[in-house]
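Structural description and commentary
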Amino acid sequence: MRQPIDIDYVNKAILGMVSPLLGLVTSYQEQIEWHLRVASLLVGLLVGIMSLVSMVRKLRKR
């Protein structure tokens, strides 16, 4: 017969896995933020370039 699941044991196991991950994310927080800023800048530039190309194509068709 199976033993019932011990919720306290499961909570400790989850906490034991999450706490090192949280420490890792906290230590790399500045680098992660920098990469997110650069990525958003690149996406913004790409959207601007695509808009400019679209506007130029519309002007040439006239």
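Summarised in this report is the structure supplied together with it. Along every chain, residues carry numbers that run from 1 in the direction the sequence is written. With the structure being a predicted model, the display of local features is reserved for residues of pLDDT at least 70 and the display and counting of side-chain atom pairs for 80 or more, all residues being used for whole-chain, interface and lining totals. To get the side-chain values, all heavy atoms of the structure are used, and hydrogens and water are removed first.

Further remarks concern the overall build of the protein. Within the protein, the regular secondary structure consists of two helices and zero strands. Rg of the C-alpha trace for the protein: 25 Å, well past the compact-globule value of 11 Å for 62 residues, more than 25% over. Here the C-alpha coordinates of the protein stretch approximately 80 × 35 × 10 Å along the principal axes. Note on classification: 1.4 Å probe, protein chains only; a residue is buried when its accessible area is under 20% of the maximum for its type, exposed when over 50%, partly exposed between these limits. Evaluated residue by residue, the protein yields a buried proportion of 0% over its 62 residues. What sets the accessible areas is the Shrake-Rupley method with a 1.4 Å probe; for residues, cover comes only from the shown protein chains. For the protein, the exposed area adds up to about 6,500 Å²; of that, 69% sits on carbon and sulfur atoms. Numbering of helices and strands runs from the N terminus, with a helix taken as a DSSP run of H or I at least four residues long and a strand as a DSSP run of E at least two residues long. Restricting the calculation to C-alpha atoms gives the radius of gyration, and the globule rule supplies 2.2 Å times the number of residues raised to the power 0.38.

Let's shift gears to the pattern of salt bridges. Side chains bearing opposite charge may pair, as long as their charged atoms lie close to each other. A pairing counts as a salt bridge when a side-chain nitrogen of Lys or Arg comes within 4 Å of a carboxyl oxygen of Asp or Glu. As enumerated under the stated definition, the model contains two salt bridges in all. In this structure, aspartate 8 and lysine 12 form a salt bridge, with 3.7 Å as the shortest nitrogen-oxygen distance. Of this pair, aspartate 8 and lysine 12 both sit in helix H1 (residues 7-27), four residues apart, which is roughly one turn of that helix. What makes aspartate 8 partly exposed here is its relative accessible area of 46%. The exposed category is assigned to lysine 12, whose relative accessible area is 56%. Where arginine 37 meets glutamate 33, a salt bridge forms, and the shortest distance between an N and an O atom there is 2.8 Å. Of this pair, arginine 37 and glutamate 33 both sit in helix H2 (residues 29-61), four residues apart, roughly one helical turn. Using a relative accessible area of 39% as the deciding quantity, one classes glutamate 33 as partly exposed.

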